[in-house]
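Structural overview for review
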Amino acid sequence: MNEPHVKGPQLTESTPERTPAAAAATGASSADSAVTTIDVTGESAYSVTVGRDLLGRVPEALGDRVSKVLIVHTPTVGKIASDLRESLQERYAQVLLAEVPDAESAKRVEVAAFCWQIMGQADFTRTDAVIGLGGGALTDLAGFVAATWLRGVRLVTIPTSVLGMVDAAVGGKNGINTTEGKNLVGTFYAPAAVICDLRLAETLPKNEVLAGFAEIAKCGFIAEPEILDLLEADVDRATDPTTPEFQRVVELAIGVKARVVSEDFREGGLREILNYGHTLGHAIEHAERYQWRHGVAISIGMMFAAELGRMAGSLSDAAVDRHRRVLSSLTLPLSYPAGRWQGLLAAMQRDKKARAGMLRFIVLDDIAKPRVLAGVDESVLQFAYQEIAN
């Protein structure tokens, strides 16, 4: 099978005052003046804006036709949601708030139905809009709600977590969980705009920031080694939301996803590389009843994928060790209990990434050289798991 390399449309970056890279080169203590626009092209084009103090751009993202707006948000950003509502009320006929649970608890059909009920009672039409304000799970939910109400209303996502900024809010995949697995019900539905206000990440607990960095590291492993270089050079600065290095790695990660989804919006080929570490990672999330942060599970999944790549005869010992070194520097876990293998295998076989009962994994031939590995013998999978088992 041919390697699905990351290629395709170039990003257009607009930095009115200075680029994050230039700010880092001058040793600046913050990147307040840098605003970057990353275009997602292809079937459903939109832009991702990255910078600080960007919430004033929401009306521009909503457009002129919108009359009513539903802001779906989590309790932790209730004050931000209220302030945003107040700023929009003079411009729109009605601005409503829908507070939903934090994290994966939001991704249930009952929560989506709560949002639909608000929209129905307010007579939302196809020219109205949904804003998703929160972490990755919240933007997944808001995207699903927007995609399914009247078969699609305008959607603007404002991710407030690192995971949301670099992964969940970008790309147009959304969904809810069922008792059988994660994201088994969902749609492909692109937002009208994504606004990544890095100021929102500055108050996050450090462990939440680091968990989100699993997806940033993933982008480094599959396509953008500069991310790994920045993490290895100074992990503290790279993970500090006030620094230009932080903005740079966020932009690089978003850029990887933008290039991939521009070429493959509906995951027919290239987009599959974004699942690096996710086959086992999703099984771990299911085993932990979605009480674990996504990035924590994906970190273990990437170590498994690295070991599997080594057993497939492609990935070098040095590249596997680099996985271990980078993920350890982020204080992310690298192992999972040995006795859980059979349950994880069963969960992987039910995962939506399996095709015709055949498990598919993304592995690396080298850093930034991903490929699909399908039809692996279960004994090989078990041997790879033993390398990460505790």
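To be clear, the structure that these remarks concern was listed above.
Let me sum up the structure you'll find in this document. (Residues numbered from 1 in each chain as written. Predicted model: local features only at pLDDT ≥ 70, side-chain atom pairs only at ≥ 80, totals over all residues. Heavy atoms only, no water.)

**Re the sheet that holds strand E2 (residues 46-51)**
The strand order E1-E2-E9-E6-E5-E3-E4 describes an open sheet built from seven strands, whose pairing is mixed. Of all the strands in the sheet, the pair left with one neighbour each is strand E1 (36-40) and strand E4 (94-99). Put simply, the sheet's adjacent strands are angled 15 degrees from each other on average, direction ignored. Of the pairings in the sheet, the one linking E2 to strand E9 (residues 193-197) comprises five bridges and is parallel in character. Across the sheet, residue Val50 finds its bridge partner in E9, namely Cys196. Of the strands in this sheet, strand E3 (68-73), E4 and strand E5 (129-134) are in contact with helix H4 (residues 109-121), which crosses E4 at around 160 degrees. Contacts from helix H10 (residues 244-263) reach E1, E2 and E9, with the element oriented near 15 degrees to E1. (Pairing = 2+ DSSP bridges. Helix = DSSP H or I, 4+ residues; strand = E, 2+ residues; numbered from the N terminus. Axes fitted to C-alpha atoms, helices over the stretch in contact; angles between N-to-C directions. Contact = heavy atoms within 4.5 Å.)

**A closer look at the environment of Gly143**
Note on placement: Gly143 falls in helix H5 (residues 136-148). Assessed through its relative accessible area of 3%, Gly143 is described here as buried. Along the sequence, Gly143 and Phe188 sit 45 residues apart, while their C-alpha atoms lie 8.9 Å from each other. Setting aside residues up to four positions removed in sequence, Gly143 forms contacts with Leu155, Asn174 and Tyr189. (Buried < 20%, exposed > 50% of the residue type's maximum accessible area, 1.4 Å probe, protein only.)

**Quick word on helix H7 (residues 206-222)**
For H7, with 17 residues, the first-to-last C-alpha span of 25 Å sits near the 24 Å given by 1.5 Å per residue. The axis of H7 is deflected most strongly, by about 30 degrees, at Ala214. Burial runs high along H7: 14 of the 17 residues are buried. (Expected span 1.5 Å × (residues − 1). Bend = angle between axes of the 7 residues up to and from the residue.)

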